[in-house]
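Coordinates in review
Below, each chain spelled out in residue letters.
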Amino acid sequence: MGESIFNCCYVPPHPPGEEDPPRSRRSDIMASHSAHIPSDKRFLIFFDFDETIVDETSDDMVVQAAPGQHLPGWLKDTYQPGRYNEYMQRVLVYLAEQGVTESDMRSIMEKLPSTPGMLTLFQFLRTRPPQDFEVVLVSDANTFFIESWLRRVGARQLFHRIFTNPATFNKDGRLVMRPFHSHDCQRCPENMCKQVVVRDYVARRTQERGRPYQRVFYVGDGANDFCPALSLGPRDVVFPRRDFPMHRLITETHEAMPGEFKAVTVPWVNAEDVLQRLRKLVAE
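None of the values given here were measured: they were computed from a predicted structure.

With that settled, consider helix H10 (residues 245-256). Its 12 residues place the ends of H10 16 Å apart at the C-alpha level, agreeing with the 16 Å of an ideal helix rising 1.5 Å per residue. All buried positions along H10 are accounted for by Met246, His247, Ile250 and Thr253. The arc that holds every buried residue of H10, seen down its axis, measures 130 degrees, which confines them to one face. For H10, the exposed residues lying more than 90 degrees away from the buried face are Glu255 and Ala256.

Another point: the environment of Met105. Tracing the backbone through its elements, the reader meets Met105 in helix H5 (residues 102-110). Note on Met105: relative accessible area 1%, which makes it buried. Here the alpha-carbon distance between Met105 and Met61, two residues 44 residues apart in the chain, equals 9.3 Å. The residues touching Met105, leaving out its near neighbours within four places in the chain, are Val62, Leu92, Leu95, Val100, Phe144, Phe145, Phe169 and Leu175.

Next up on the list: the packing of aromatic side chains. Note on aromatic pairs: each is described by the distance of the centres and the angle between the planes. Under the counting rule described, the total for this entry stands at 19 aromatic pairs. Measuring from ring centre to ring centre gives 5.6 Å for Phe43 and Phe133, while their planes differ by 35 degrees; the resulting arrangement is tilted. One end of the pair, Phe43, is in strand S1 (residues 43-47); the other, Phe133, is in strand S2 (residues 133-142), and 90 residues separate them in sequence. Residues Phe43 and Phe133 agree in their burial class; the two are buried. A centroid spacing of 5.8 Å and a plane angle of 40 degrees characterise the contact between Phe43 and Phe217, whose relative ring orientation is tilted. You can see Phe43 sitting in strand S1 and its partner Phe217 sitting in strand S6 (residues 215-220), a full 174 residues away along the chain. As far as the burial class goes, Phe43 and Phe217 line up, both buried. Among the aromatic residues, those joined into a cluster by ring pairs are Phe43, Phe124, Phe133, Phe217 and Phe239. Residue placement shows Arg209 over the ring face of Tyr213; its charged tip is 3.9 Å from the ring centre.

Rules used throughout
Residues numbered from 1 in each chain as written. Predicted model: local features only at pLDDT ≥ 70, side-chain atom pairs only at ≥ 80, totals over all residues. Heavy atoms only, no water. Helix = DSSP H or I, 4+ residues; strand = E, 2+ residues; numbered from the N terminus. Expected span 1.5 Å × (residues − 1). Buried < 20%, exposed > 50% of the residue type's maximum accessible area, 1.4 Å probe, protein only. Arc of directions from axis to C-beta. Contact = heavy atoms within 4.5 Å. Phe/Tyr/Trp six-rings, centres within 6.5 Å; stacked < 30°, edge-to-face > 60°. Lys NZ or Arg CZ within 6 Å of the ring centre and 35° of its normal.

Printed below as a string of structure tokens:
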């Protein structure tokens, strides 16, 4: 059986201000958290979070905790393209100044609706033989939002690894979010290139396992999910949410540059569409 194709692994510089470690900070993180994952998994599946697992954007929904459930114009005007992470840091400062608590934010996150069929897909992944799926989440949201929702629905243990912007509450009760990493990709926001994450993770896990995965899957919806999908090979499968930016970018690439996008593309409306395709592929 053919194997998944990944050609290289780019390691970006560590964030400014940090001491230069022997290896990149991200490599150390990946090494420390992947060592305990069994090496017999046949398939690797990546999930995005906002508008893929949940049917909303968590950054937008947390604004419900603000006075009047909206942000002031002066704050919205500080947003700059490609620097959304910095903007959200300012939003979190504002929310703290308005008295929004950890409990307030958690309550909002726990109420986010899942996308149609997603919990059924999770149940399918849970009930497969243990050697089938290694499940990883890669998101430009943050640890607190994601962990709050996953724990509420009982899905945290499904994910072997979560790559997202770290966020913790400081002694003053403010949620402090930091960028996940830095990189040189011109296509992605400054704080996260998901292709870097995917390539780095697959390269490291392939080395640790001593062999590639039979297939790699990616389930997403947004423009920042298109970049990692470009790195997948012809035996891998990308599941873009139908008519969302990721799907449109894939379609445009097929039309403009035939052969550039190599992975099999299976659009989905209901996550059970993903389930049905996975069921067929694991039986091959």
